[in-house]
Every structure is written in structure tokens, then in C-alpha cells.
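Descriptive analysis of the structure
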Amino acid sequence: MKKNIKYHVLLVFIASLLMFSACEDEFLNVSDPLVLSEGIFPQEVTDLEPIMVDIYGRLQETYYGTYMRLWPLMSHNRDHGYNGAQYNEFALIELNPNLSNVNNVWTRHYLAIGKCNDMLAAIDRLRDKDGLTASQIDKLDDYEGQALFMRAFNYFYLINLYGESPILTEADKSKMGVPLWDYAPDIINETYKPRATQGEVWDLIISDLKAAESLLAGVDFPEKARASEWAVKSFLGKAYIFTLQWDKARDVLKDVIDNSGKQLVSYDILRNSFNGQNKFNAESIFEVNSTYDPLGGSSQFNTGADWMKGISISYVDQDGTEVCNGFGNMFIHDMTMPRYGFNSPATTTAEQKDPDYLAYSLQVRADKSVDPRLYVTTFQPYVDSINYIGNWRKIAKGRVESYNAEASKAWCIHKYTVTDRYWGDLNGWHGINMIVMRLADVYLLYAEAQMHLNQTGEALEYINKVHRRAYDVPVNTASSYDYGSLAARTKTLDPADPLANDPLKYERWAEFGGEGVWWFDVRRFDLGQEEATYYQRVKGGALEWRDTKYAMPISTTEMNANSQMIQNPGY
């Protein structure tokens, strides 16, 4: 479904109305034919549709919006070639409460939550109307289920970004979470709230998802981007994993595996699923939908995504010139390739064009001695090619604007980059979907639950299913690529790597590189120090770890606005 721009003006009126809906002062009781009031909208069940569309549209302004370029910096899958735009701070995880992106992510998630609460309040009012048909009641159930899912979705990212610490033990649930609003406040004093505990936030997330699970059971939306019951159950299983409820996670995730009809796609389809192709494929469970809007400009939100220009690739033009297809502020971190098993220190352009290096690069692809997901996550300079505006062009080294380009491997980012046209022809926007949940994640979460329940054989099999797909062999049949145990050696070259003998963690790292998943895994596996030790440094400087880095700071704006707010430790 598209986030239709015409709804934005409409929803501004709705938000203004609902914010002050309980105020009965005479000076607010005015009649203005240009302003929608609660007395005239929403009046009918069909009036809820534009509100629902707006809620989905706000996904492009939250975790999977412009900020998607930042999270892989925190997990160090990528590095930055530009010394600005807060890249240094996020790559070093040296954040401060005054950073605009620290505030923006918080604000936009809470705006989205506010829209969900407004929607739920409107649904309750419509349920009180007489004469509703069975079809209208079903439609209200559908809207309520989606709104609850979306509220839980937004709180999921808030708690994992701003919660005081990861939940490693039951005691961690009593630490500071984020403020909770499960209703639309109607007086100003209700807009000031203290931080709930982490356990209370997760309780709301799980409660909303369980309610949504019931409301959306068996519902098959014609719009593929809507949250299905399987999206709800997948996130519910993930919430159980993040809160150490292994048996509950096992049951709901196995339900998704057995009954959703989803399956792992082939390696070739996977490799081509992050650049605008293969949307809503057989493996995908939930996506943030984007559609190119030719009327949208570069300075306004529309139905497309605009942050791809910041991670853009470079290619070799027909005259041999190396061209960056966008801003090119980011590229793959030099320590990412050896973690996939690629054994070469080549950094300079001459070294990367050397015939022996190129021969090695082609050989390890052919014999699969390097994890093939390296080529899902990256584009290798002078080896990979793209079909750019109908012509095949070799990939070049990524742009390094602020540092020494010849001292960087600078492999280009594959996932979510514009590869087939000049990004500026789209006014900076593109119709590439963000894959939020896919079956590979469900498999690995299920394996994790089974590990904690001492079902090691079942856990290993589901880890191997994901691993087999990477090597393009049948996923349900034992293969020569299989891990022999849950402590088997992985592809990373460094034996001291924390992922060297941990297939579960390695598979999560290798499978979801650049998808905004690994930072949350770093938190909940308590790998902050180990990852900083492995990656050592980024372009902005040496990595230094403190456990307080697991939580982003509460912004100065929020601290000043909410007298009951308490800052995270370390800030």
C-alpha cells in the first residue's frame, strides 16, 4: 500500500483534534468548516482507512527510515568515509543527548505511537455505535489488530535503543525502560510520564501482540504490506526471546514455521532481494513498503525512501572514470570481509586490480571457501558488476571523502543500494522495500529457543537450514557444509573472534548484515566489548567500549520537556 501524500494534511487535522478532544473550554468550541472535528470524523468505519494508511506510512520515518544508515555503523558492519552528519558519533557509539538523530528517532516513534493510540480510541468510539453490521465489526477487528501490532512494533525499537540495558537476567527487567502511553492523553498533565521499567514495556509489547494475534487470525489482506497474523506471531516470538521466555518463544515460532506457508528462497533470490526486486517474496514476513513517487521532491516525505544515497555504490563508467552514484558516505568495514572468510589485505586500487588478487577472488566464489553471504552484503570492487541504465558497469571502490581512500578496502554496500539508475533521477527517493522480518530470522530465533531448552539437535538443524541456503544446497537435507555441533568452527578467519566457535551468533551476523538486526543482538548477547575488540577502530578513531553504550541517551529536548524523565547512566 502507498502512503498517499494527500492523507498527511488530513491527519494533521485529526491529530490536532484528538490531542484536545477532552477540552471543554468555550474558547475551543468554535466552528471552522476547514477543520475536522471529532463530531464529523471519523463517523464511519470506512473513515478509518486513511488513518491506518498514515500509521503504516510512518514506518518510513522511524527505525527503517532515514536512520537506517546509522544502525550498521553502531554494529560496525559498515564504516564511514565522510567526517560529518553524525557518522563519527554513531560509528564510535559516542553519542550525546544533543545530537539531532538521538532526538529524532525518539520523537518519530512516539508520534507513530500517538497515531496508534488515536486510532484505537476512534475504534472504541465506533464500536459503541448502534447498527454495526458483522462486516463492519470484522473490519474494526482488522484495524484494531493492525494498530496494536504497530504500537508494539514502535515500542520494540524504542526499548531496544533507549532501554537502560539489555535483558541478560530477570533482574534487568526492573531497570529503566521508556515512558508508556497505551491511550491518547486528553489533558496536558498526562503527557508527562516517568520511565516505565523494561519489564513493563515488554509486557505491553507482548500484550498488544497477543491481542493482535487473536484479532488478525485467518485474515488475508489483499495489500501485501499489511501486518498479517504471521508478522504478529513472528514478532511475538522475538519478544519472548528478548525477554528470556524460551518455551513460549519455541511454541509461537514453530507455529510460524509450520503453518505460515513461508519458505526460505534460493540464494540467487536472496541476493537480489534488497535492491527493489523480489518484493514480498516467499520468505518475507513483514516489509516496510516503498513506492517511487515522481511528484515527491528531495525535501519532503513521500511514498519512497531517500537514505539510499548516503550508502550509494561507486562504479566504473564507460570511459574508465570511477563515479559515485550518490553521496557514498559509507562502505563496508575492512574487518567484515575476513569475518566471512575472505583472506586478503588488499586495500589500494592497484592491489585490488592485481591479476592474482582477482583470480583468488573468483576462485573462492567458485569453490565456496568464503561464505557466499559476503556477496549478499557487499559488492566487491573490480569483480562485481551492475546493470546501470541498461549497461553493465564494474563496481569501483566506495567513495572515501574525508579519509585516505587508498588505506581502505572500501567494498561497496549491496543491501538497499540503488543499482540500476542514477539516484538523482528519482529526486533522491526510491521504491526499495525494507525487509523487517523474514523466515531466516524465525528459524534462528527458534533454534536459539531450542538451545536454551536443551534441544540441541533441533537447534542445530534449524541453524544448518539457514546455513545450507547460503551455500545454495537443499535446505532440508544434510550437506557437506553443515555445522557438526553448536560449537563448530565458523568462517571467520580470526580464532579469537567471539563468533569463531558459535554458529548461532555467526549465522545471525552473516545472514542479516546491514539489515539493522545485529546491534540488537550485540546488546542481548552482551557482545559490546568483544565486538569493539574485533573491529578495533573505525575511520573516526579507535573503538572504546563501556557498557553504558548499550543504551542511547535520552535527548536534551525530551529531558527539558518532561520533568519526570531520568537520563540513562553514562550520559
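For the structure given in this document, a descriptive report is provided here. The shown structure was predicted, so the numbers you read here are calculated from the model rather than taken from an experiment.

So, the overall build of the protein
- Counting its regular elements, the protein contains 20 helices and 12 strands.
- Taking 2.2 N^0.38 as the reference for a compact globule, 571 residues should give roughly 25 Å; the C-alpha atoms of the protein span a radius of gyration of 24 Å, in line with that estimate.
- Overall, the protein is about 80 × 55 × 45 Å in size when its C-alpha atoms are taken along their principal axes.
- Counting only residues that meet the buried cut, the protein has 58% of its 571 residues in that class.
- Once local pairs closer than 6 in sequence are excluded, the contacts in the protein between residues at least 24 apart make up 69%.
- In the form shown here, the protein has an accessible surface area of approximately 21,800 Å², with 51% of it arising from carbon and sulfur atoms.
- Across the protein, the centroid of the 55 positively charged side chains sits 5 Å from that of the 76 negatively charged ones.

Section: the pairing of strand β2 (residues 284–288)
- For β2, a buried count of five out of five residues is recorded, marking the element as mostly surrounded by other parts of the structure.
- The pairing of β2 with strand β10 (residues 434–438) spans four bridges and is classified as antiparallel. Each residue of the ladder has a partner; that of V288, found in β10, is M434.

Section: the pairing of strand β8 (residues 391–394)
- Note: strand β7 (residues 385–388) against β8, four bridges, orientation antiparallel. Within β8, the residue paired with Y388 across the bridge is N391.
- Hairpin connection between β7 and β8: a loop of two residues separates the two successive antiparallel strands, and I389 in this loop has a positive phi of roughly 50 degrees.

Looking at the packing of helix α2 (residues 48–57) against helix α6 (residues 134–162)
- Two elements in contact, α2 and α6, have axes whose closest approach is 11 Å; the angle formed by their N-to-C orientations is 20 degrees. Taken together, the axes of α2 and α6 are roughly parallel relative to one another. The two elements α2 and α6 cross, and the hand of that crossing is left-handed. Contacts between α2 and α6 involve L48, E49, M52, I55 and Y56 from the former and L140, Y143, Q146, A147 and M150 from the latter.

Describing unusual backbone geometry
- Look at H76: it is not a glycine, yet its phi comes out positive at around 70 degrees.
- With respect to the helices and strands, H76 occurs in the loop between α3 (71–75) and β1 (78–80).
- By relative accessible area, which is 3% here, H76 ends up buried.
- Although it is not a glycine, Y382 sits at a positive phi angle of roughly 65 degrees.
- Turning to its location among the elements, Y382 is positioned in the loop between β6 (378–379) and β7.
- Using a relative accessible area of 9% as the deciding quantity, one classes Y382 as buried.

Things to note about helix α13 (residues 355–367)
- The end-to-end C-alpha distance of α13, which contains 13 residues, comes to 18 Å, matching closely the 18 Å that a straight helix rising 1.5 Å per residue would cover.
- Buried residues of α13: Y357, S361 and V364, and no others. All buried residues of α13 lie within an arc of 70 degrees about the axis, which places them on one face of the element. Exposed side of α13, more than 90 degrees from the buried face: P355, D356, L362 and A366 are the residues found there.
- Capping the start of α13 is the job of one residue whose side-chain oxygen sits 2.9 Å from the backbone nitrogen of D356: D354.

Details of the nonpolar core
- Within the largest apolar cluster, 152 residues are counted, with the highest numbers of intra-cluster contacts made by W71, F149, Y155, Y162, I205 and F286.
- Among the elements that make up this core, the one with the highest residue count is α6 (15 residues).
- Non-local contacts of Y162, meaning those with residues more than four positions away in its chain, are made with N101, V102, V105, W106, G177, V178, R195, A551, M552, P553, I554 and N568.

Concerning the environment of F280
- Structurally, the position occupied by F280 is in the loop between α10 (267–271) and β2.
- The spacing of F280 and K224 is 56 residues in sequence and 7.0 Å in space, taken between C-alpha atoms.
- Contacts of F280, omitting those with residues within four sequence positions, involve K224, A225, E287, N289 and N433.

Some details on the environment of C116
- Among the secondary structure elements, C116 is positioned in helix α5 (residues 100–127).
- For the pair formed by C116 and M52, sequence separation is 64 residues and the distance between their alpha carbons is 8.4 Å.
- Apart from the residues lying within four places of it in its own chain, the contact partners of C116 are I55, A147, M150 and R151.

Things to note about the side chain of D497
- Within the fold, D497 resides in the loop between α16 (456–470) and α17 (503–511).
- Classification of D497 as buried rests on a relative accessible area of 3%.
- A distance of 2.8 Å separates the side chain of D497 from the side chain of R339, its partner in a polar contact.
- Those residues within four positions of D497 in sequence are excluded, and the remaining contacts are R339, T492 and Y534.

A word on the packing of aromatic side chains
- Inspection of the entire model under this criterion finds 40 aromatic pairs.
- Look at Y315 and Y388: their rings are 4.4 Å apart centre to centre, the planes differ by 35 degrees, and that puts the pair in the tilted class. Placement of Y315 in strand β3 (residues 314–316) and of Y388 in strand β7 is noted, with a sequence separation of 73 residues between them.
- You can call Y388 buried: its relative accessible area is 9%.
- Between F327 and W423, the ring centres sit 5.3 Å apart and the planes meet at 80 degrees, which makes this aromatic pair edge-to-face. One end of the pair, F327, is in the loop between β4 (322–324) and β5 (330–332); the other, W423, is in the loop between β9 (412–413) and β10, and 96 residues separate them in sequence.
- For K353, the ring lying beneath its charged end belongs to Y382, and the centroid distance is 5.0 Å.

The rules behind each value
Residues numbered from 1 in each chain as written. Predicted model: local features only at pLDDT ≥ 70, side-chain atom pairs only at ≥ 80, totals over all residues. Heavy atoms only, no water. Helix = DSSP H or I, 4+ residues; strand = E, 2+ residues; numbered from the N terminus. Rg over C-alpha atoms; globule rule 2.2 N^0.38 Å. Buried < 20%, exposed > 50% of the residue type's maximum accessible area, 1.4 Å probe, protein only. Contact = heavy atoms within 4.5 Å. Areas by Shrake-Rupley, 256 points an atom, 1.4 Å probe, with all protein chains shown as cover. Lys, Arg positive; Asp, Glu negative; His and termini not counted. Charge placed at Lys NZ, Arg CZ, Asp CG, Glu CD. Pairing = 2+ DSSP bridges. Axes fitted to C-alpha atoms, helices over the stretch in contact; angles between N-to-C directions. Parallel < 35°, antiparallel > 145°, perpendicular 65-115°, else oblique. Left-handed = near helix turned anticlockwise from the far one by under 90°. Expected span 1.5 Å × (residues − 1). Arc of directions from axis to C-beta. Polar contact = N/O pair within 3.5 Å; in protein donor to acceptor, adjacent residues only side chain to side chain. Core = buried A, V, L, I, M, F, W, Y, C linked by side-chain atoms within 4.5 Å. Phe/Tyr/Trp six-rings, centres within 6.5 Å; stacked < 30°, edge-to-face > 60°. Lys NZ or Arg CZ within 6 Å of the ring centre and 35° of its normal.

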